[in-house]
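Below, each chain spelled out in residue letters.
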Amino acid sequence: MTETVHTPRVFSGIQPTGNLTLGNYLGAVKRFVEMQDSGIETIYCMVDLHAITTWQDPADLKRATRELAAGFIASGLDPAKSILFNQSQVHAHAELAWVFNCVARMGWLNRMTQFKDKAGKNREAASVGLFAYPALMAADILVYHATHVPVGEDQKQHLELTRDIAMKFNNDFKTEFFPLTEPVIEGAATRVMSLRDGTKKMSKSDPSDMSRINLTDDAETIAKKIRKAKTDPDPLPDNLKDLDARPEARNLVNIYAGLSGESAEKVVADHAGAQFGQFKPELADLAVAKLAPISDEMSRLMADVAEIDKLLGLGADRAAAIANPILEKTYDVVGMVRSRQV
Ligand code: AMP
Ligand code: TRP
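Residues numbered from 1 in each chain as written. Chains lettered and ligands numbered in written order. Predicted model: local features only at pLDDT ≥ 70, side-chain atom pairs only at ≥ 80, totals over all residues. Heavy atoms only, no water.

Colleague: Would you explain the domain arrangement of the protein in this entry?
Modeller: You'll often see interface size given as the accessible area lost when the parts meet. Per the domain assignment, the segments making up the protein are domain 1 (9-188 + 304-334) and domain 2 (209-300). Relative to domain 2, the C-alpha centre of domain 1 lies at a distance of 29 Å. Opposite the 14 residues of domain 1 that make contact, domain 2 presents 16 residues. For the pair domain 1 and domain 2, the two sides together bury roughly 1300 Å², of which 71% comes from carbon and sulfur. Broken down residue by residue, the surface that domain 1 buries against domain 2 is led by Leu 22, Ala 74 and Ala 188, which jointly contribute 40%. The interface formed by domain 1 and domain 2 holds 0 salt bridges in total. In this structure, the connection of domain 1 to domain 2 is made through 3 residue pairs in polar contact (both at pLDDT 80 or more). (Domains from an automatic or database assignment. Contact = heavy atoms within 4.5 Å. Buried area = accessible area lost by both parts, 1.4 Å probe. Salt bridge = Lys/Arg side-chain N within 4 Å of Asp/Glu carboxyl O. Polar contact = N/O pair within 3.5 Å; in protein donor to acceptor, adjacent residues only side chain to side chain.)

Listed below in structure tokens is the structure:
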């Protein structure tokens, strides 16, 4: 049998829960912009349906969705080049997720480390949505037949599950309808760590604001957070190997590399022998130079919420035009009668 060739198409999503962090920026959004500018078709989504798998205050969710849209655009995503929208406005995501809930196995979802982390000890109290989260994520991707998905390191397991779901669907229904999506986990900072603890991921939900840099932080706050970032007393070595047992130092080198676009190897070579008292101010200057313009542009965009909402609506129309026929075909393959004249 000849393999179906799926044309390249990029999809990725971010949850509108709280502020965009430097981790989101270096691990995801910066890659989104590069892929957009390489000329491939790109679709980027604010995944509000994923956000409500844990409690969100309704007013905060609306604000965070618009702020994420502003963050996308301020970081260089262009609504004329990429399709930008919020997930709940395109019904096909939730509908395909239902089909995938019936394809995915309980055992597969039980193994997801993000579920275990987020549900914590009291799994009985977690929402059903939190458990089914990865099936919705697979639907997000496959409802566009996306072939490439740029994400940070923490999403690798979910993308493997997406392939498993596509494979099982294709097998069960004797088709090659869904592509086997490739994760794109690239760059010097695919896992940015907390500024307070080099063994923990930098996260929007960490109770300590000092643990992360938010895209909305002003120059002074960014500089303060870097100055206070946990490190060790040793100077920087001249090679990366010697940073293996120094997670905080390694993290700051990775952040420098992610922001400057250089390799981590080059960053240590250039700063060999430097004390943190010298490296940190340089890193702070670099971070401010790269992030302050984004933060300024976000505030400017947030002053016109109606314009943001309009862009999201137009993006959703374009997204639905791709997703709806793929959903219809899926229903047909599965055996649903589709007879409405619309
Ligand atoms: P989330 O905020 O969980 O919706 O994540 C959105 C995107 O940012 C995903 O592609 C994540 O893998 C990526 N991401 C989140 N936190 C980090 C981090 N600390 N380092 C690198 N990438 C991250
Ligand atoms: N689960 C992703 C995260 O927490 C967000 C997400 C939802 C996503 N749907 C997606 C990422 C589809 C890539 C593709 O980071």
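Colleague: Help me out: how do you make sense of the nonpolar core in this one?
Modeller: Nonpolar side chains in soluble globular proteins generally cluster together in the buried interior. Ranked by internal contacts, the top residues of the largest apolar core, which has 55 residues, are Leu 22, Phe 72, Val 253, Ile 255, Leu 259, Phe 279 and Leu 291. Sorting elements by how many residues they give to this core places helix α12 (residues 276-302) first, with 10 residues. When residues of this core are assigned to domains, at least three fall in each of domain 1 (9-188 + 304-334) and domain 2 (209-300). Sequence-distant contacts of Phe 72, that is, excluding residues within four places in its chain, are made with Ile 14, Val 29, Phe 32, Tyr 44, Cys 45, Met 46, Leu 77 and Leu 84. In terms of nonpolar packing, the next biggest core, distinct from the first, is built from 49 residues, Phe 115, Phe 169, Ile 322 and Ile 326 among them. (Core = buried A, V, L, I, M, F, W, Y, C linked by side-chain atoms within 4.5 Å. Buried < 20%, exposed > 50% of the residue type's maximum accessible area, 1.4 Å probe, protein only. Helix = DSSP H or I, 4+ residues; strand = E, 2+ residues; numbered from the N terminus.)

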